[in-house]
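The chain contents come next:
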Amino acid sequence: MTEMTDGVLHTLFRSEQGGHEQVVLCQDRATGLKAVIAIHSTALGPALGGTRFHAYASDEEAVRDALNLSRGMSYKNALAGLDLGGGKAVIIGDPSVIKTEELLLAYGRFVESLGGRYVTACDVGTYVADMDVVARETRWATGRSPENGGAGDSSVLTAFGVFQGMRASAQHLWGDPTLRGRKVGVAGVGKVGRHLVEHLLEDGAEVVITDVREESVREILDKHPGGKVSAVADTEALIRTEGLDIYAPCALGGALNDASVPVLTATVVCGAANNQLAHPGVEKDLADRGILYAPDYVVNAGGVIQVADELHGFDFDRCKAKASKIFDTTLAIFARAKDDGIPPAAAADRIAEQRMADALAARAAARTA
């Protein structure tokens, strides 16, 4: 416990990854709930971020995950143009074993106790039906079902936003915001990936797909006979595909690593997966190879734009209009990266940090006016 406390305190107060405003440890013995709610920033508004339900190897790992994920949400929400800060929660345990209605209700009460400083949503291990339960104890739960006043599945706008990021990448690199005639490799054709494939085909791209679930691949191939969609055995084969223009990681994180980057044939990486860079040095490796990287937390923000809109009464057209701005944001990041001589992810961080700093400065000025 001492080691865990020391490590957490170091991250919070002394590391560059710290700076969190509040971290709440939640426990309800009756239901077995153990959770961490991390609020990184409320500079732009209430901290929005999903709830991850996972069997962590240790309590320390769970806390660190909450800290890292909440910090990432501050940057994602800032660059998405939302008046929302960044937060994240983790529930510790195997959801297939301990998840119950009573546990989710207990969690909802903890969210409610924060008085709107934290707004939750779905993440790994939690689903729309879970948010419906949580929402019975708090008004600060998004990602609910349409029957309960929510927006439902956010994969449609997540895919649309990634497609806008690809269009911006094409504009920046090739001078034309279209994927017509380009070969795009999509790794992972689940909920987001399959929608992305549809956008690409409508725009005239040739698409190569792979997925660990053979039935997901077969469904797309059967839907689109005629050669515009092909499949390869696995991601290792996909990243080596000859003539690949764009690689779209849409499954697990860490897809860009010391093993994959040297053999990647694509000249653009733009996908829906979170945390694509296995470590910070990978983006320099991409740049050294002349590969343009569209930061994942910028282009995959369509989902958070959708759930955030529930706070105002969900309107799909309004959300889609906001998600379409991912095109302009991605272009601005590429321009900033070129002007500052830094990788796109570093440029994205600077833009997000400036927006948060401006908001804090405006708040301070208002107090003294």
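This one's a predicted model, so the numbers in the text were calculated from it and none came from an experiment.

Novice: What's the story with the pattern of salt bridges in this structure? I'm lost.
Specialist: Where side chains of opposite charge bring their charged atoms close, a pairing between them can arise. For the structure shown, the criterion picks out 22 salt bridges. For the salt bridge of Asp-65 with Arg-52, the shortest nitrogen-to-oxygen distance reads 3.6 Å. Taken together, the positions of Asp-65 in helix 2 (residues 59-79) and Arg-52 in strand 4 (residues 51-54) put the pair 13 residues apart, joining distant regions of the chain. Across the pair, Arg-52 and Asp-65 agree in class, each one buried. With its nearest N and O atoms 3.4 Å apart, the salt bridge here joins Glu-198 to Lys-223. Here the residue Glu-198 occupies a position in helix 7 (residues 191-202), and Lys-223 occupies one in helix 8 (residues 214-223), the gap between them amounting to 25 residues. On the basis of relative accessible area, Lys-223 is assigned to the exposed category, the value being 55%. Because the salt bridges share partners, they merge into one network encompassing Arg-52, Asp-65, Lys-88 and Asp-123.

Novice: What exactly am I supposed to notice about the packing of helix 14 (residues 326-340) against helix 15 (residues 344-368) here?
Specialist: Two packed helices can be described by the angle between their axes and the distance between those axes. Running from amino to carboxyl end, helix 14 crosses helix 15 at an angle of 105 degrees, the nearest separation of the two axes being 8 Å. Looking at the two axes, helix 14 sits roughly perpendicular to helix 15. Where helix 14 approaches helix 15, its residues Ala-332, Ile-333, Phe-334, Arg-336, Ala-337 and Asp-340 are matched on the opposing element by Pro-344, Ala-347, Ala-348, Arg-350 and Ile-351. Of the residues in the contact of helix 14 with helix 15, the class split is 8 nonpolar, no polar and 3 charged.

Novice: Please clarify how the sheet that holds strand 11 (residues 268-269) should be interpreted in this entry.
Specialist: Sheets are built from strands paired through backbone hydrogen bonds, the pairs being either parallel or antiparallel. Judged by pairing direction, the sheet is parallel, and its 6 strands sit side by side in the order 9-8-7-10-11-12 without closing on themselves. Each having just a single partner strand, strand 9 (229-231) and strand 12 (292-293) make up the two edges of the open sheet. When strand 10 (residues 246-249) meets strand 11, the two strands line up parallel, connected through 2 bridges. Directly across from Ile-246, in strand 11, lies its bridge partner Val-268. Lying over the sheet, helix 7 contacts strand 7 (183-187), strand 8 (206-210), strand 9 and strand 10, oriented at roughly 170 degrees with respect to strand 7.

Novice: Got a minute to help me understand the pairing of strand 7 in this structure?
Specialist: If a strand is regular, its side chains alternate between the two faces of the sheet. Taking burial as the measure, the 5 residues of strand 7 include 5 buried ones, the bulk of the element. Burial along strand 7 is two-sided: Lys-183, Gly-185 and Ala-187 facing one way and Val-184 and Val-186 facing the other are all buried. Note: strand 7 against strand 8, 5 bridges, orientation parallel. Paired with Lys-183 across the bridge in strand 8 is Glu-206. Both strand 7 and strand 10 contribute to a ladder of 4 bridges, which runs parallel. Of the residues in strand 10, the one forming a bridge with Val-184 is Ile-246.

Procedures and definitions
Residues numbered from 1 in each chain as written. Predicted model: local features only at pLDDT ≥ 70, side-chain atom pairs only at ≥ 80, totals over all residues. Heavy atoms only, no water. Salt bridge = Lys/Arg side-chain N within 4 Å of Asp/Glu carboxyl O. Helix = DSSP H or I, 4+ residues; strand = E, 2+ residues; numbered from the N terminus. Buried < 20%, exposed > 50% of the residue type's maximum accessible area, 1.4 Å probe, protein only. Axes fitted to C-alpha atoms, helices over the stretch in contact; angles between N-to-C directions. Parallel < 35°, antiparallel > 145°, perpendicular 65-115°, else oblique. Contact = heavy atoms within 4.5 Å. Nonpolar A, V, L, I, M, F, W, Y, C, P; charged D, E, K, R; others polar. Pairing = 2+ DSSP bridges.

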